[in-house]
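Fold and contact review
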Amino acid sequence: MPAHDVLIIGAGLAGQRAALAAADAGASVAIISKVHPVRSHSVAAAGGINAALNPEDSWESHAFDTVKGSDYLGDQDAIEIMCREAPDEILWLEHAGVTFHRNGTGHLGTRAFGGASQARTYYVADITGQAILHVLYERLMMHGERISRYEEWFTTTLLQDDAGACVGCVARDIRSGALEVFDAKSVILASGGAGQAFKPTTNALICTGDGIAQAYRIGAPLMDMEMIQYHPTTLAENGFLITEGARGEGAHLYNAQGERFMEKYAPNKLELASRDVVSRAEQTEIDEGRGFPDGTIALDITKVPRKRTLEALREIVNIGKDFAGVDITREPIHIKPGMHYIMGGVKTDSDGQTPIPGLYAAGEVACVSVHGGNRLGANSLLDTLIFGRRSGEHAAGRARAVAMPRSPVSALSDAQGEIDAILDRQSGGRRISEIKTELGETMNRYVAVYRDADGLATALEIVQRLKQEAPHAAIDDHGTVFNQDVLAAIELGYMLDVAEAIVVAAQERRESRGAQFRTDYPERNDEDWLHHITVSHDGDGPQLGTAPVTITKWQPQARTY
Amino acid sequence: MAEYTLKLRRYDPQSGEAPYYEEYRVDLEPHRSVLEAILKVKAEQDGSVGIRCSCRAAICGSCGVRINGRPGLACHTHLDKAAQTGVNADGSTILVEPMGNMPVIKDLIVDMDAVHWKKIQRVTPWLINKQPVPEREYVVPHENMVDVTQSMACIQCGACVSDCLSMEVDPEFVGPAASAKAYRFVGDPRDAEQYERLKDLAEDPHGIYDCTHCFTCIDACPKGVAPMNQIMRLRRIASNDHHIVDRNNGERHERTIVGLIRDYGLLHEAEMLPRSYGGYSWFAKFHPAAGAELLDSLPSITRAIARGKVNIKQAALGHRIPKADLTAVQGIYEKVEGKARRYELNLYISGYEDEEEAPAAAEAPAAVAAGGDAMPSAPGPDPQQPTSASESESA
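Residues numbered from 1 in each chain as written. Chains lettered and ligands numbered in written order. Predicted model: local features only at pLDDT ≥ 70, side-chain atom pairs only at ≥ 80, totals over all residues. Heavy atoms only, no water.

1. Points about the overall build of chain A
Note the following rule: A run of DSSP states H or I qualifies as a helix once it reaches four residues; a run of E qualifies as a strand once it reaches two. Both are numbered from the N-terminal end. All radius of gyration figures rest on C-alpha atoms, and the globule criterion is 2.2 Å times the number of residues raised to 0.38. The classification of residues rests on relative accessible area computed with a 1.4 Å probe and restricted to protein chains. Under 20% of the type maximum is buried, over 50% is exposed, and intermediate values are partly exposed. Note on contacts: a residue pair qualifies if any of its non-hydrogen atoms lie within 4.5 Å across the two residues. Residue burial considers only the protein chains on display, and all accessible areas are found by Shrake-Rupley using a 1.4 Å probe. The convention is simple: Lys and Arg are positive, Asp and Glu are negative, and His and the chain ends are not counted. In this description, the location of a charge corresponds to atom NZ of lysine, CZ of arginine, CG of aspartate or CD of glutamate.
Tallying secondary structure elements over chain A gives 16 helices and 21 strands in all. Relative to the globule expectation of 24 Å for 561 residues, the C-alpha radius of gyration of chain A, 22 Å, shows essentially globular dimensions. Expressed along its principal axes, the backbone C-alpha trace of chain A runs to roughly 65 × 55 × 50 Å. Sorting the 561 residues of chain A into buried and exposed places 69% on the buried side. Put simply, 73% of the contacts in chain A that link residues at least 6 apart link residues at least 24 apart. Of the roughly 16900 Å² that chain A leaves accessible, carbon and sulfur atoms contribute 47%. Taking the 53 positively charged and 76 negatively charged side chains of chain A as two groups, their mean positions are separated by 4 Å.

The structure is reproduced here in structure tokens:
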């Protein structure tokens, strides 16, 4: 039975950064991931990572932009930490080997990004996430003797001792089907977001909300779950992401009448307003009949010099060519807002600690909350790294202070029982894929850019029905080697839990703030709603609660771009 | 909509049965990907089909397979194109098999750890920092970072490893993906051990000189990493910049071929071994290693003659090509060798030579100065700019 000081679940940027930090702090570390670490969805982050590193920039400016971007729902103490520590993190990455692109003098180069008052986004062409993820994995290989990697292991359950502390997990070796108990003094969840609960989404197939649901099920509160980011530029057909870097490099948005409509909605920042603002503007244009017949808007990247596009936006040149049949250096590409990121997650403090002792969370699975109602582009990579590192350090510190816990004796047989129950399901129910599709389409219809009470009520009804149906969905594969069917059944349960939390939080917030726009409550209402909404799993259903927003320097103001 | 027949190679290690092929009919638009078709099969017909996949957009590198005999990403191959390419293409049947050169775990899933990742580990795949590490960033030319971006663009999908012919012959060959990974450090001016890395890979009998320039990896790569180009660049830096003459005779062999083509316009087979082992001297023929290699190669030589691939007379006396042609060949050498700096092609900076630079490009802070002319340690647009990290200091 593996036992480690620090156990990390998920091996994207947050998980890998946590592993390196915990190992640096002297802890024995294991990192578990249901996919090989370089397949993690951090790989898809294209545009870059924010930091106020230039002498003429300041962390306060970065923090203010982030606070304003969050529509004042971000916790300012955590935002201050993130923005203060950002420059050193960039330098750490640079020294670790990330091939950041340079400016003309050979120093780190920057590009402009949405909602930012300075060009402070550091980048590697438009494969920044990939470059950082692969470099961190280089470091994991380098420290192979101190960090045990369990690649292609699927976590099924978090374990608790009698006092309620998290003491490890049960995971299934996907290759053999064998279950194993992992004991740990500290457990860090870093298993990403839940985009697959929406269809379409920019998120990968693996983003099924595993960590959010696992923590929720053992009593950890979730926070800001109603805040779902719709990215302004995704491909209509399949939801693939076109990086904000395109607009950062100078691309424009036009409606079907050829109007650069952002002039109306954000006269100062235009295409580089916050994502919620741009997505709403696009959706309004589309809803009011000024979009193209396929319900899209045109993104014109031909405004960017062609050579610059080929060098700095190569990936979306490929995506345009391969997945939309468009040469973006020659003609506009049609896009629309698409589900991209979940600001909410497992509630943590600025060291990644959840209210459950021994359980940490970092990255998209967590809600610190540095993004509040709306995340700025290029702040998510930063979030994963800063709070991944801080979680790793803190978890290693905790491990020095506590003894190796014992997991409950029944842990393994309980987990095996759940898997066996899935394998034993009688055929006759709906297919897992059918339920998943209905969930995704429901969420994307009723819990999207614009929401109202009726739509949310319908969404909740459907999600709750699907929760009844899911346990009867039969599977085809009854083997043990790489049984992806059984994993899909478990993931479906995770997505449904997360979706339910999202819908009830969206119903609860009867105002419009950040990514949550209620057509029945179209104004921001600081008097009644300047607080976080939490969702806890209590008994059978979700219980709503509140948590205060921390305000340090920046009092809420009207938000214009 | 069009109807396609997906013919999947199935293998269940628990069944005790040999791999077999199973056919599924799928209705999808022709521009949809092979992965979408497989996922549709999984969703609607048979959830037991095994394939790794995640991003669907050719970024995560999970879904490397062979499609109608060719390696690639399932998500990156359109159905219409897949049905029309490769052996036995009939416009509607698409054969999908697991990648080659790696053991199969189940269906389309291979054991990448056993081969691909082991080889990546082989090349010391992490930056060995040039000392002293600056307080702030290393100050290095933009061109160098853009240059190694081509290798960084590798998504570790294994498509190049799948069909590497050299690896088929020599499973120990470090291979295309790991070599590209090696270039990512060799081409990085912040790395302290360029020489040691190259020496290591040149001296390894399964290292960079084990590649036979078959171009398969360049065709296979869905990301334009062009692994073979990276291998050739490793060789050029090893031999031209560091003068590493390896014990496998790879460097001398390559130099011999380059020299023979310059002198004769075509390969002069009889001169190959002597020159590879003994250099340009007349006495080279008597170099003992050349004799041993000749003896060793006799079976291949005999087969080549028997099959008419080699003409004994031409092989012994050298091929003759018209004088004008030879002059033209030599003109190429003069032009290439006459360049002040080595000319390297790169995905990210080749650009389009025929196009005029748009005026805004000059204003963009990080725009590259010279279209296709950038290369490692090339001075950047600013003459004051340091050309290597050793000259840099904290800002």
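2. A look at the overall build of chain B
Regarding its fold elements, chain B presents 16 helices and seven strands. Of all 395 residues assigned to chain B, the portion counted as buried reaches 50%. A separation of at least 24 residues holds for 65% of the contacts in chain B among residues at least 6 apart in sequence. Only carbon and sulfur atoms are counted for the fraction: they give 54% of the accessible area of chain B, which is about 18300 Å².

3. A look at the environment of A:Arg120
Residues and elements named next belong to chain A. The test is simple: Residues adjacent in sequence count toward polar contacts only when both atoms are side-chain atoms; beyond that, a polar contact is any pair of N or O atoms within 3.5 Å, and within protein one must be able to donate a hydrogen and the other to accept it.
In this structure, Arg120 sits in the loop between β4 (110-111) and β5 (121-122). Sequence spacing of Arg120 and Leu53 is 67 residues, and the spatial spacing of their C-alpha atoms is 7.4 Å. At a separation of 2.8 Å, a polar atom in the side chain of Arg120 contacts the side chain of Asp65.

4. With respect to the interface of chain B and chain A
Applicable threshold: The salt bridge criterion pairs a side-chain nitrogen of Lys or Arg with a carboxyl oxygen of Asp or Glu, the two atoms within 4 Å. Note on residue categories: nonpolar means Ala, Val, Leu, Ile, Met, Phe, Trp, Tyr, Cys or Pro, charged means Asp, Glu, Lys or Arg, and polar means any other residue, Gly included.
Contact residues are listed per partner, giving 87 residues for chain B and 71 residues for chain A. Across the pair B:Arg32 and A:Glu237 runs a salt bridge, and its minimum N-O distance is 3.3 Å. Considering each element in turn, the side of chain B that touches chain A owes the most residues, six residues, to helix α4 (residues 142-152) of chain B. When its residues are assigned to classes, the side of chain B that touches chain A shows 47 nonpolar, 19 polar and 21 charged.

5. Some remarks on the pattern of salt bridges
Residue and element names in this part refer to chain A. Under the defined criterion, the tally for this structure stands at 80 salt bridges over all chains. A salt bridge links Glu434 to Arg430, with the shortest nitrogen-to-oxygen separation between them at 3.1 Å. Exposure remark for Glu434: the relative accessible area of 38% places this residue in the partly exposed category. For Arg513, the salt bridge identified is with Asp526, shortest N-O distance 2.8 Å. Note that Arg513 is positioned in the loop between α15 (484-508) and β19 (517-518) and Asp526 in helix α16 (residues 526-529), a separation of 13 residues in sequence.

6. Some words on the pairing of strand β8 (residues 166-173) of chain A
All names here are of chain A. Condition: The pairing criterion for strands is at least two bridges between them, as found by DSSP.
Buried residues dominate β8, accounting for eight of its eight residues. By the bridge criterion, seven bridges tie strand β7 (residues 153-160) to β8 in an arrangement that is antiparallel. For Thr157, the partnering residue across the bridge sits in β8 and is Val170. Between β7 and β8, which pair antiparallel one after the other, the connecting turn spans five residues, and Gly164 there sits at a positive phi close to 95°. Here β8 pairs with strand β9 (residues 179-189) via five bridges, running antiparallel. Among the inter-strand pairings, Ala171 is bridged to a residue of β9, identified as Glu180. Hairpin geometry of β8 and β9 is characterised by an intervening segment of five residues between the two adjacent antiparallel strands and by a positive phi of about 85° at Gly177.

7. Quick word on the domain arrangement of chain B
Residues and elements named next belong to chain B. Heads up, the rule is: Where each domain begins and ends follows an automated or database-derived domain assignment. Buried area adds together the accessible area that both of two parts lose upon being put together, with accessible area traced by a 1.4 Å probe.
One can read the domain layout of chain B as domain 1 (2-110) and domain 2 (113-241). The C-alpha centroid of domain 2 is placed 29 Å from the C-alpha centroid of domain 1. Between domain 1 and domain 2 the total buried area reaches about 1200 Å² when both faces are included, carbon and sulfur atoms providing 57% of it. Considering only the surface of domain 1 that becomes buried against domain 2, Pro71, Asn101 and Met102 emerge as the three largest contributors, covering 44% of it. On inspection of domain 1 and its partner domain 2, the count reaches one salt bridge. As a salt-bridge pair, Asp163 and Arg66 come within 2.9 Å of each other at their nearest N and O atoms. For the side of domain 1 that touches domain 2, the secondary structure elements donating two or more residues are β3 (64-67) and β4 (70-73). Per-element tally for the side of domain 1 that touches domain 2: the top contributor is β4, with three residues. Across the side of domain 1 that touches domain 2, the residue classes tally to eight nonpolar, seven polar and one charged.

8. Description of the state of the cysteines
Heads up, the rule is: Criterion for a disulfide: a pair of cysteine sulfur atoms within 2.5 Å.
Taken as a whole and judged by the stated rule, the model has zero disulfides over all chains. Lacking any disulfide linkage, A:Cys166 is separated from the closest cysteine sulfur, that of A:Cys169, by 8.0 Å. Residue A:Cys166 is classed as buried on the basis of its relative accessible area, which comes to 1%. Free cysteine B:Cys160: the closest other cysteine sulfur is in B:Cys217, separated by 6.2 Å. A residue is classified by how much of its surface remains accessible, and B:Cys160, at 9% relative accessible area, is buried.

9. Things to note about the nonpolar core
Defined as follows: Definition used in this section: a nonpolar core is a set of buried Ala, Val, Leu, Ile, Met, Phe, Trp, Tyr and Cys residues joined via side-chain atoms within 4.5 Å.
A:Ile49, A:Phe100, A:Ile132, A:Ile242 and A:Ile301 are the most contacted members of the largest nonpolar core, which totals 141 residues. The element contributing the most residues to this core is helix α3 (residues 76-96) of chain A, with nine residues. Taken domain by domain, this core gets at least three of its residues from each of domain 1 (2-110) and domain 2 (113-241) of chain B. When neighbours within four sequence positions are excluded, A:Ile242 is seen to be in contact with A:His231, A:Thr233, A:Leu235, A:Leu299, A:Ile301, A:Ile316, A:Ile319, A:Ile333 and A:Ile335. Counting 87 residues, the second largest nonpolar core, distinct from the first, contains A:Ala171, A:Val187, A:Val504 and A:Ile533.

10. Overview of the sheet that holds strand β11 (residues 228-235) of chain A
Residue and element names in this part refer to chain A. Going by this rule: Helix axes are fitted to C-alpha atoms over the stretch in contact, other axes to C-alpha atoms as well, and angles between N-to-C directions run from 0 to 180 degrees.
What the four strands build is an open sheet, ordered β11-β14-β13-β12; its pairing is antiparallel. Two strands in the sheet have a free side with no partner beyond their single neighbour: β11 and β12 (252-254). On average, each strand axis in the sheet is tilted by 45° relative to the strand beside it, whichever way the strands run. Relative to strand β13 (residues 297-300), β12 runs antiparallel, the two being bridged by three bridges. Bridge pairing links Leu253 to Leu299 in β13.

11. A short note on the side chain of A:Glu311
Along the polypeptide, A:Glu311 turns up in helix α9 (residues 306-312). With relative accessibility at 3%, the residue A:Glu311 sits in the buried group.

12. Points about helix α8 (residues 194-203) of chain B
Among the residues of α8(B), those classed as buried are B:Arg197, B:Leu198, B:Leu201, B:Ala202 and B:Glu203. Packing partners of the buried residues in α8(B) comprise α3 (113-122), α7 (175-186) and α10 (227-241) of chain B.

13. Comments concerning the environment of B:Ala58
Looking at where B:Ala58 falls in the secondary structure, it is placed in the loop between α1 (34-44) and β3. A relative accessible area of 3% means that B:Ala58 is categorised as buried. Through-space distance from the C-alpha of B:Ala58 to that of B:Leu266 is 41 Å; in sequence the pair is 208 residues apart. Sequence-distant contacts of B:Ala58, defined by excluding residues within four places in its chain, comprise A:Glu315, A:Phe323, B:Leu73, B:Cys75, B:His76, B:Ile155 and B:Lys223.

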